[in-house]
Amino acid sequence: MTPLLTVNNLHVSFHSYQGEIQAVRGIHFAVKPGETLAIVGESGCGKSVTAQTIMRLLPSTAKIVQGEIRYEQQDLTQLTEVKMESIRGSQIAMIFQDPMTSLNPTMTIGQQLMEGLRKHLHLNKRLAKKRAEELLSLVGISNPHLRLKQYPHQLSGGMRQRVMIAIALAGDPKLLIADEPTTALDVTIQAQIMELLKSIQEKMGMALLLITHDLGIVAEVADRVMVMYAGKIVEHGTVDELFQHTKHPYTWGLLRSLPQLKQSREESLVAIPGSPPDLLHPPKACPYVNRCLQAMVICDQTPPELTACSSTHQVACWLEHPMASKEHENRAGGDE
Amino acid sequence: MANQSILTVNQVSKVFSLSRKKQLQAVKELSFSIRKGETFGLVGESGCGKSTIGRLILGLYTPTSGTIRYRDQDIHQLKGKKQQHFRQKVQMVFQDPYASLNPRMTVMDIVAEGMEIHQLASGKQKREMVYQRLEQVGLQSDHASRFPHEFSGGQRQRIGIARALAVEPEFIVADEPISALDVSIQAQVVNLLRKLQQEQDLTYLFIAHDLSMVKYISDRVGVMYLGRLVELAASDELYRRPLHPYTQALLSSIPVPDPRQARQPKRVLLSGEVPNPIDPPSGCPFRTRCPHAMKICAEVDPTEIEDTPNHWVACHLYT
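Residues numbered from 1 in each chain as written. Chains lettered and ligands numbered in written order. Predicted model: local features only at pLDDT ≥ 70, side-chain atom pairs only at ≥ 80, totals over all residues. Heavy atoms only, no water.

All right, on to the overall build of chain A then. Per the secondary structure count, chain A includes 10 helices and 12 strands. What you see for chain A is a C-alpha radius of gyration of 21 Å, in line with the 20 Å of a compact globule of 336 residues. Along the longest, intermediate and shortest principal axes, the C-alpha atoms of chain A span 70 × 50 × 45 Å. Looking at the 336 residues of chain A, the share that counts as buried comes to 53%. Sequence-distant contacts, at least 24 apart, represent 64% of the contacts inside chain A between residues at least 6 apart. If you sum the accessible surface of chain A, you get close to 14,900 Å²; carbon and sulfur atoms cover 52% of it. Across chain A, the centroid of the 32 positively charged side chains sits 9 Å from that of the 34 negatively charged ones. (Helix = DSSP H or I, 4+ residues; strand = E, 2+ residues; numbered from the N terminus. Rg over C-alpha atoms; globule rule 2.2 N^0.38 Å. Buried < 20%, exposed > 50% of the residue type's maximum accessible area, 1.4 Å probe, protein only. Contact = heavy atoms within 4.5 Å. Areas by Shrake-Rupley, 256 points an atom, 1.4 Å probe, with all protein chains shown as cover. Lys, Arg positive; Asp, Glu negative; His and termini not counted. Charge placed at Lys NZ, Arg CZ, Asp CG, Glu CD.)

Here you go:
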């Protein structure tokens, strides 16, 4: 299947008074039509910057240093702002983390929802209103006729996130980017919203690029996963490969630092020591070397390339080199 | 010794007046006790009153009714020296490590401030104690001359913990101490809290919304919903045999980081959202979202009953 979106060797930097912060440092990936690809990583790993770059919503201090983003024979990094506007919303849509601040407080739900419908689908006012009501029912909002006249402050957090999803769906996009869509919500509401996103994706057949730090959510909804660390992809594979045949020590560390519900309180959590590197002075070799329990001499000298373990599973780690000791393969990660 | 309670919360209610007519009942007739040396976890969603109870215990709020007793003394009646002693022995670790440290003070000043107020040490001895505390929480003594902005989130949370420890407390209220931190750093801070508990015989009230972490760190867990304690049990018991429909729903809402398990349908998905606490439903607060709601639930507020020894639940299904 031809990919819907392809990102090639993308580098994004921010300019600050301290110097250049290299937020994204050469990533490659592709999103196929209808699939769910999750990007996981901790704060500052570049996952949100990647999403903003695809949407061309980067702040003015940021710059795409090199690389291309292909969407249907076009390079999104080269498009003019006017052309980009016709893609945003109608081809690629985005929902944001914080439903409190991403809706305009001075506009009614109806105005915000109909804006996209009239602009992208060129509907007249009556049809736009009808479609807006349909969209609100689709995302599970009762009494849509009344809700259209309400303002964001009259809705709860979960409701606002549903409205955000409705707005994103208005242009019937082929790709939906969801940047931490449930982080600001309570756990029971989070379950509702993830369930909603899954069912809508099935109904509309769109691809979902899900950005999150929660490996539990990834396990539940994603088809494929990319783990980012310090602006690079360290591991990339299907959900089963990543959770059951974990290769990268960082992925393994993330999985182990979560308490399992059946874990006894006598065992301590396996924390990852240290903290992520400063991207003002990004490490030249493997970015994880200072926190890695299996670091070798080469890890501090030469950056590991992404190498394939299977046709769908890639990892950037020297442990995968044929000359590396294979002791680590015995660690917990696969089926014990 | 093990069963000696250090803190007793008895029928405590807290009502906030929002305007002349509107009142918000944040906490309603809450009772529980915390034993010396244990970790008591409180979980619930935003607005359930879990932070309010933390602040009531610290004496930052005065209860509308009911009493909170620390070592058999009503903490809201304490005056003078006794009050100062209480404030030394009960400390807090805050949620947001960015907002809870004064950006204009050095780490030395932040950690030493409590020692000065309680006149525990001064001069060279005080500095030595600060260094000791910093090392205890996994920082270095030369960090003392730096300012909070020079540290990462996890390190700042360590500074916050060092500040709480500086005055030799017995009881620490930790209000969402890890929810602002990244996953890999959360485990570091939780391991640190447990190490300190063993070393210094501390008692914790651990307030959080992350159930898997609360289960892991706590000996006993209370589940709150709309200002009420709906279930209370030992943490293993609560997770093995949740009784209240809300606890069951909360547990099944946790996303499991295991794709094989995640694909099995198991969700008790709750419909609807938490009702507005200004205008709570009659009877049981959970009945509007409860899959088992009966007629009686709308009429009578369920009282807590002890279903099996030490497992308390407030639900009409068990009466």
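Picking up where we left off.
All names here are of chain B. Where nonpolar side chains cluster on the molecular surface, the patch consists of M294, I296, V300 and L317 and spans about 290 Å² of accessible area. You can see V300 is positioned in the loop between α11 (295-299) and β11 (305-308). Judged by relative accessible area, V300 falls into the partly exposed class, the value being 39%. (Patch = residues over 30% accessible without salt bridge, like charges linked within 9 Å, V, L, I, M, F, W, Y side chains within 5 Å. Salt bridge = Lys/Arg side-chain N within 4 Å of Asp/Glu carboxyl O.)

This paragraph deals with the sheet that holds strand β1 (residues 5-17) of chain B. Strand pairing within a sheet occurs via backbone hydrogen bonds; the two strands may be parallel or antiparallel. Residue and element names in this part refer to chain B. Strand order in this open sheet of 4 strands is β2-β1-β4-β5, and the pairing throughout is antiparallel. For this open sheet the edge positions go to β2 (23-35) and β5 (73-74), each flanked by a neighbour on one side alone. Direction of pairing for strand β4 (residues 65-70) relative to β5: antiparallel, over a ladder of 2 bridges. Following the sheet pairing, R69 is matched in β5 by D74. The sheet contacts of helix α1 (residues 50-58) involve β1, β2 and β4, and relative to β1 the element is tilted by about 115°. (Pairing = 2+ DSSP bridges. Axes fitted to C-alpha atoms, helices over the stretch in contact; angles between N-to-C directions.)

Right, let's get into the UniProt feature "domain: ABC transporter" (unreviewed entry) in chain A. As annotated in UniProt, the feature "domain: ABC transporter" (unreviewed entry) corresponds to residues 5-255 of chain A in the numbering used here. Note that residues 5-255 of chain A is 39% helix and 28% strand, and that its end C-alpha atoms are spaced 29 Å apart. (UniProt positions renumbered as here; feature names shortened; annotations may be inferred.)

A few words on the interface of chain A and chain B. If you look at the interface, chain A gives 45 residues, while chain B gives 42 residues. Approximately 3,700 Å² of surface area, both sides summed, lies buried where chain A meets chain B, with 53% of it carried by carbon and sulfur atoms. Three residues, E220(A), L261(A) and R265(A), lead the burial of chain A against chain B; their summed loss comes to 21% of the area buried on that side. Here chain A and chain B share 0 salt bridges between them. Where chain A packs against chain B, one counts 14 residue pairs in polar contact (both at pLDDT 80 or more). Among the secondary structure elements, those contributing two or more residues to the side of chain A that touches chain B are α6 (157-169), α7 (187-204), α8 (215-221), α9 (239-244) and α10 (249-256) of chain A. It is α7(A) that provides the largest number of residues to the side of chain A that touches chain B, a total of 7 residues. Of the residues belonging to the side of chain A that touches chain B, the class tally is 18 nonpolar, 15 polar and 12 charged. (Buried area = accessible area lost by both parts, 1.4 Å probe. Polar contact = N/O pair within 3.5 Å; in protein donor to acceptor, adjacent residues only side chain to side chain. Nonpolar A, V, L, I, M, F, W, Y, C, P; charged D, E, K, R; others polar.)

Quick look at the UniProt feature "domain: ABC transporter" (unreviewed entry) in chain B now. The UniProt feature table records "domain: ABC transporter" (unreviewed entry) at residues 7-251 of chain B. Helix makes up 39% of residues 7-251 of chain B and strand makes up 27%, while its end C-alpha atoms are separated by 28 Å.

With that settled, consider helix α9 (residues 245-253) of chain B. Where burial is concerned, most of α9(B) is hidden: 8 out of the 9 residues are buried. When α9(B) is considered as a whole, its buried residues turn out to be P245(B), Y246(B), T247(B), A249(B), L250(B), L251(B), S252(B) and S253(B). As for α9(B), its buried residues are in contact with α7 of chain A together with α7 (211-217), β9 (220-225), β10 (228-234) and α8 (235-240) of chain B.

Attention shifts here to the packing of aromatic side chains. Residues and elements named next belong to chain A. Scanning the entire structure with this criterion turns up 10 aromatic pairs over all chains. Summarising the aromatic geometry, the rings of Y229 and Y250 are spaced 4.4 Å apart at their centres and angled 50° between planes, so their arrangement reads as tilted. Of this pair, Y229 sits in strand β9 (residues 224-229) while Y250 sits in helix α10, and the two are 21 residues apart along the sequence. Pair check on accessibility: Y229 and Y250 agree, each one buried. (Phe/Tyr/Trp six-rings, centres within 6.5 Å; stacked < 30°, edge-to-face > 60°.)

For the rest of this paragraph, the subject is the sheet that holds strand β7 (residues 171-175) of chain B. All names here are of chain B. Within the open sheet, the 8 strands sit side by side as β6-β7-β8-β3-β9-β10-β12-β11. Their pairing is mixed. Both edges of this open sheet fall to β6 (90-93) and β11, since each of them pairs with a single strand only. Between one strand axis and the next, the sheet turns through 20° on average, direction left out of account. In this structure, strand β3 (residues 39-43) lies alongside strand β8 (residues 203-208), joined through 5 bridges in parallel fashion. Looking across to β8, one finds that G41 is bridged to F206.

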